[in-house]
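Listed below, chain by chain, are the residues.
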Amino acid sequence: MSPDILLRIGGATVDTIYMVAVAGLIGSLIGLPIGIFLATSGKGELFPAPTLNRIVGLIVNATRSTPFIILVVAIIPFTRLLTGTSIGTKAAIVPLTIATIPFVARLVEAAIREIDKGLIEAARAMGATPMQIVFKVLLAEARPALTLALTMTAVSLIGYSAMVGAVGGGGLGDLGIRYGYQRFMPDVMLVVVIVLIVLVQLVQSAGDGLARRFDKKNRKT
Amino acid sequence: MSVSALKATSPADAAVVFDGVSKHFPASGQSGAFTALDNVSLTVDRGSITGIIGRSGAGKSTLIRLVNGLEKPSSGKVLVDGVDVGGLDEAALRTLRRNVGMIFQHFNLLSSRTVFGNIALPLEISGMDKRAIEQRVRPLLDLVGLADKHGRYPAELSGGQKQRIGIARALATEPKLLLSDEATSALDPETTQSILDLLKRINAELGLTVLLITHEMEVVKAVTSDVAVIDHGRIVERGHTFDVFTHPKHETTRALLSGLPGSKLPDAVARALKAQPAPGDRAVVRLTFFGAAAERPLISQLIKSVGAEVNIIAGTIDEIGGAPYGSLVVAYGADAETSGRAERFFAENGLVTEVLGYVA
């Protein structure tokens, strides 16, 4: 492989990390409160709003069931409006973020619903406000599960980010398709795949380690 | 809350008053509409340890949750320190809850917080600053005997230790009333005893009123001064614990009492028991004696005055609320003459008797 290709692989790796980081951050920041809302707004729960809960749930499901590649194409006008372009790394961040939001929301909802209802009752009995219950009980108790959820999000995003390459999104996927596939350079393809595997491994190990540290429930002393 | 205690205590002096409280749950999902509480009236005296006992599903959980507004009554009033809980808005309710401690069957501790952090939680919720929290939590750790465990997490502790944290947490805001929701039901007998001793000590030292619900007569016997028996959403019997134990009137109370060790008949006798005597049969009678009677040589006097064979079938000597109490099951001839002499003896000595049946 020429040094030029190696340089391109390096650059594409940085692009991928950049896309995953930005889309992951923005998507999680929006997805987290939506997930909390979904987990606490059912009938008789902390912020009862069953109708809105159903509507938000429906939108989340609709976004999640749209195949990612179709989502990318479908929101091109929106992407162009936001970034001024529909190709390249910056443009790819938009559909990646949109796909991350419902993904994170459902994972957060599941993590919070796992929490023993007795803890909510105990906090209510202490005179906690619903907001105090969210921050001091739900988020604190769900921290290990939330860490794993965000890890899973990052791993999925790495996969999605390779997919936006198919529509000129930049990053490792883009490189793999243009060089590895279209120019018949299987060695480039192999390196791209290996870099992706390494990235996923790193993210997963870091997430698992962090979640273990946060988990005081199943700890062995 | 015997009837006399009810009269002596005006509702304003009581820690908690249930006044004609009913609670209905509307039908939802697979479960049909359900009446958890049916016109319950009850007074919890200030400074008492009052027990509410009933089988599961009798309505006791709902009853205790009305006190801190976790449930709202469908009708009737619940007064805590004279304040109608049902009439409070959310903010006022939160203030009230900060002054009522509660402990739970499954402890409900935050696994993500240390022992210290768990006890500090209600103080953080009430907006206390860090230094004041520290000053409040330390003595509580000492009180429940967990000072050396303050940095541990609940998962590292035993059930009894977890409930001690639960108690310390409930006491953190210095409440005047402590609600105990089956607090010892998940614990082994020995640990149960130590938790009950702790509750007793808190009641005596801090003057805290304790309202506890349980399905275990042992718990009621060990710590309560007053008891109410609840069945199918209704209070079927209530009074001073000693009176209810020694003179149980309602069938449910008797059934719950029969679970206590010493009050069960040996199986062979229980199987042979008949409702009606045949000639030559022997009557099986439960004698209950307490106070001064517990200290007299009753058996030898009984044998002398009955002038016939008296068999002892089962017996137990115990204490209820610090008062000595004995229960003895004896058998003697069921013929009119022997029975008459025995009954005269019982009456003269102020013994409570209950004919359980007859055996050949």
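Residues numbered from 1 in each chain as written. Chains lettered and ligands numbered in written order. Predicted model: local features only at pLDDT ≥ 70, side-chain atom pairs only at ≥ 80, totals over all residues.

**A look at the overall build of chain A**
For chain A, the count of helices and strands is ten helices and zero strands. Each helix (α) and strand (β) of chain A, taken in turn from the N terminus, gives the series α-α-α-α-α-α-α-α-α-α. Projected onto its principal axes, the C-alpha coordinates of chain A cover approximately 70 × 50 × 25 Å. Taking all 221 residues of chain A together, the buried fraction comes to 43%. A separation of at least 24 residues holds for 71% of the contacts in chain A among residues at least 6 apart in sequence. (Helix = DSSP H or I, 4+ residues; strand = E, 2+ residues; numbered from the N terminus. Buried ≥ 20, exposed ≤ 12 C-beta atoms within 10 Å, placed from the backbone. Contact = placed C-beta atoms within 7 Å.)

**Here we look at helix α2 (residues 60-67) of chain B**
All names here are of chain B. For α2, a buried count of seven out of eight residues is recorded, marking the element as mostly surrounded by other parts of the structure. Regarding α2, the residues found buried are K60, T62, L63, I64, R65, L66 and V67. Backbone geometry just after α2 places G69 at a positive phi near 75°.

**Comments concerning helix α7 (residues 189-206) of chain B**
All names here are of chain B. Taking 1.5 Å per residue as the helical rise, α7 with its 18 residues ought to reach 26 Å, and the 25 Å between its terminal C-alpha atoms agrees with that figure. Those residues of α7 not exposed but buried are T192, I195, L196, L199 and I202. Summarising the axial view, the buried residues of α7 lie within an arc of 115°, below the 170-degree limit, and thus occupy one face. Away from the buried face of α7 by more than 90 degrees, exposed residues E190, D197, R201, A204 and E205 are located. Just beyond α7, the residue with positive phi is G207, at close to 65°. (Expected span 1.5 Å × (residues − 1). Arc of directions from axis to C-beta.)

**Focus: the domain arrangement of chain B**
Residue and element names in this part refer to chain B. If you check the domain split of chain B, you get domain 1 (3-99 + 175-257) and domain 2 (267-359). If you average the C-alpha positions of domain 1 and of domain 2, the two centres end up 35 Å apart. The class makeup of the residues in the side of domain 1 that touches domain 2 is two nonpolar, four polar and one charged. (Domains from an automatic or database assignment. Nonpolar A, V, L, I, M, F, W, Y, C, P; charged D, E, K, R; others polar.)

**Topic: the interface of chain B and chain A**
Across the contact, 21 residues belong to chain B and 20 residues belong to chain A. Looking at which element gives the most residues to the side of chain B that touches chain A, the answer is helix α4 (residues 115-125) of chain B, with four residues.

**Notes on the sheet that holds strand β2 (residues 34-44) of chain B**
Residues and elements named next belong to chain B. The antiparallel open sheet is built from four strands, whose spatial order is β2-β1-β4-β5. Two strands bound the open sheet, and with one partner strand each, they are β2 and β5 (83-84). Two strands pair when backbone bridges link them, and strand β1 (residues 16-25) and β2 are joined in this way by seven bridges, in the antiparallel orientation. Among the inter-strand pairings, F18 is bridged to a residue of β2, identified as L42. (Pairing = 2+ DSSP bridges.)

**Regarding the packing of helix α1 (residues 3-40) of chain A against helix α8 (residues 143-163) of chain A**
Residue and element names in this part refer to chain A. Viewed as axis vectors pointing N to C, α1 and α8 meet at an angle of 135°, and their least axial separation amounts to 9 Å. Here α1 is positioned oblique relative to α8, judged by the angle of their axes. For the pair α1 and α8, the sense of crossing is right-handed. Between α1 and α8, the contacting residues are T16, M19, V20, A23, G24 and S28 on the first element and L150, T153, A154, L157, I158 and S161 on the second. Of the residues assigned to the contact of α1 with α8, the class counts are seven nonpolar, five polar and no charged. (Axes fitted to C-alpha atoms, helices over the stretch in contact; angles between N-to-C directions. Parallel < 35°, antiparallel > 145°, perpendicular 65-115°, else oblique. Left-handed = near helix turned anticlockwise from the far one by under 90°.)

**With respect to the sheet that holds strand β11 (residues 282-290) of chain B**
Residue and element names in this part refer to chain B. Strand order in the open sheet formed by four strands is β12-β13-β11-β14, with antiparallel pairing between adjacent strands. Since the sheet does not close on itself, it has two edges, and those belong to β12 (311-320) and β14 (352-359), each with one partner. Neighbour-to-neighbour, the strand axes of the sheet open up by a mean angle of 15°, direction not taken into account. In the sheet, β12 pairs with strand β13 (residues 323-333) via nine bridges, with the strands oriented antiparallel. Bridge pairing in β13 links I312 to V330.

**Focus: the nonpolar core**
A general feature of soluble globular proteins is that nonpolar side chains tend to end up buried together. Of all hydrophobic cores here, the largest spans 156 residues; its most connected members are V16(B) and V67(B). For this core, the leading source of residues is helix α5 (residues 89-113) of chain A, giving 15 residues. Taken together, domain 1 (3-99 + 175-257) and domain 2 (267-359) of chain B each give at least three residues to this core, which thus spans both. Here V67(B) is in contact with V16(B), V78(B), V80(B), V85(B), V100(B), L179(B) and L211(B), once residues within four sequence places are set aside. (Core = buried A, V, L, I, M, F, W, Y, C linked by C-beta atoms within 7 Å.)

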